[in-house]
Amino acid sequence: GCAGKGFARLSAILPIRHGLSRSYSAAGQSLQYILVERKGKNENVGFIQLNRPKALNALCDGLMTEVNQALDSFEGDPRIGAIVITGSEKAFAAGADIKEMQNRTFQECYGGGFLSHWNRVSTVKKPVIAAVNGYALGGGCELAMMCDIIYAGEKAQFGQPEILLGTIPGAGGTQRLTRAVGKSLAMEIVLTGDRISATEAKQAGLVSKVFPADKVVEEAIGCAEKIANHSKLIVAMAKEAVNGAFELSLTEGNRLEKRLFHSTFATDDRKEGMTAFVEKRKADFTDQ
């Protein structure tokens, strides 16, 4: 079974003692499927590790509920500037939980909005980096694509094998993959169920960097730290502008960019950033 358990305490647990970079011991007791920590020298990186090893981190409903609540907590924590999601070296996530889906009816899926809450990762204002090792298949590939940046280990494999199960991707696989790699390769992946390697994913534009398997997580945390050192307010605006490129026409996208650019001139951080540059010193952002 995979019902989400004992989650109410998470939001109370996350804002605990500032000097804690180990796993939250209290959270470990109340979380069934994920590990949640703060990482980085300044503890300003939220870290979520999918932790369902026997099922290769298959994304059951309870796991996704826990991920969503961890994301909500990091989103509301003013110290966190970026978030990293990872799995194990063997699997980022090998897919959705098929046993959980097997006996569902159309009426249940449609009436209950099945998978609709999986989208939370893509609506977080703070940047989210996926650190992918091993299998990122089906729902696992979709989860990685909901993140803003994907770093992959050399042995990572990406795919949408739903066609082999008599169904199709249902959490963005046909949409985000096509936008990332183009129609021909997306069609091939979705219609054959074949996987692509980390190198192929990099060449196709699905991932931004490939590292040795044992370095991916630390590199993702390093990237998150770099982002978290900037103004969180301005970073959120920049993320919104880039995301706009996928939703809008070029004219509308440029209009959004211009509005957001102009908006930065109403912030303390824009003034501080430019003043620091002119004065040849490091900027001290206050997220205002």
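Predicted, not measured: the structure shown is a model, and the values here were computed from it.

### Notes on the sheet that holds strand β7 (residues 149–153)
No. 1: Pairing is mixed across the open sheet formed by 6 strands, whose spatial order is β1-β2-β3-β5-β7-β10. Unpaired on one side and paired on the other, β1 (34–39) and β10 (209–211) mark the two borders of the sheet. Each neighbouring strand pair of the sheet contributes to a mean axis angle of 20°, computed without reference to strand direction.
No. 2: The pairing of strand β2 (residues 45–50) with strand β3 (residues 82–86) spans 5 bridges and is parallel. If you follow Ile48 over to β3, its bridge partner there is Ile85.
No. 3: Docked against the sheet, helix α3 (residues 61–75) engages β1, β2 and β3, running at close to 175° with respect to β2.

### Looking at the layout of surface pockets
No. 1: For the largest pocket, the calculated volume is near 980 Å³.
No. 2: In terms of lining residues, the largest pocket is bounded by 33 residues, among which Met146, Cys147, Asp148, Asn243 and Phe246 are the most central.
No. 3: At 11 residues, helix α12 (residues 232–247) tops the list of elements feeding residues into the lining of the largest pocket.
No. 4: Classifying every residue of the lining of the largest pocket gives 18 nonpolar, 8 polar and 7 charged.
No. 5: Taken as a whole, the second largest pocket spans an internal volume of roughly 660 Å³.
No. 6: Put simply, the parts of the chain that give the lining of the second largest pocket at least two residues each are α4 (98–101), α5 (106–112) and α7 (139–146).
No. 7: Looking at the lining of the second largest pocket element by element, the count peaks at 3 residues for α4.

### So, the pattern of salt bridges
No. 1: For the structure on display, the rule yields 11 salt bridges.
No. 2: Asp97 is the salt-bridge partner of Arg52, the closest N and O atoms lying 2.9 Å from each other. With Arg52 in the loop between β2 and α3 and Asp97 in the loop between β4 (91–93) and α4, the pair connects residues that are 45 residues apart, well separated along the chain. The pair Arg52 / Asp97 is uniform in exposure class, with both members buried.
No. 3: One salt bridge connects Glu279 with Arg281, and the closest N-O pair in it is separated by 2.8 Å.

### Topic: the nonpolar core
No. 1: Grouped together as the largest cluster of nonpolar side chains are 49 residues, with contacts concentrated most on Ile34 and Phe158.
No. 2: With 6 residues, α3 is the largest single contributor of residues to this core.

### Considerations on α3
No. 1: Helix length check: α3, at 15 residues, gives a terminal C-alpha distance of 21 Å against a target of 21 Å (1.5 Å per residue), a fit within 8%.
No. 2: Three or more residues of α3 are buried, namely Gly62, Leu63, Met64, Glu66, Val67, Asn68, Ala70, Leu71, Ser73 and Phe74.

### Comments concerning the packing of helix α8 (residues 173–181) against helix α9 (residues 183–192)
No. 1: Orientation of α8 relative to α9, taken along the N-to-C sense of each, is 140°, at an axis distance of 7 Å. On the basis of their axis angle, the class for α8 and α9 is oblique. The handedness of the crossing between α8 and α9 is right-handed. Residues Thr174, Leu177, Thr178 and Val181 of α8 touch α9, and the partners they reach there are Lys183, Leu185, Ala186, Ile189 and Val190.
No. 2: Residues that form the contact of α8 with α9 fall into these classes: 6 nonpolar, 2 polar and 1 charged.

The rules behind each value
Residues numbered from 1 in each chain as written. Predicted model: local features only at pLDDT ≥ 70, side-chain atom pairs only at ≥ 80, totals over all residues. Heavy atoms only, no water. Pairing = 2+ DSSP bridges. Helix = DSSP H or I, 4+ residues; strand = E, 2+ residues; numbered from the N terminus. Axes fitted to C-alpha atoms, helices over the stretch in contact; angles between N-to-C directions. Contact = heavy atoms within 4.5 Å. 1 Å grid on protein atoms, 1.4 Å probe; cavity = no way out; pocket = protein on both sides within 12 Å on 5 of 7 lines; lining within 4 Å. Points joined across faces, edges and corners; volume = space filled by probe spheres on them. Nonpolar A, V, L, I, M, F, W, Y, C, P; charged D, E, K, R; others polar. Salt bridge = Lys/Arg side-chain N within 4 Å of Asp/Glu carboxyl O. Buried < 20%, exposed > 50% of the residue type's maximum accessible area, 1.4 Å probe, protein only. Core = buried A, V, L, I, M, F, W, Y, C linked by side-chain atoms within 4.5 Å. Expected span 1.5 Å × (residues − 1). Parallel < 35°, antiparallel > 145°, perpendicular 65-115°, else oblique. Left-handed = near helix turned anticlockwise from the far one by under 90°.

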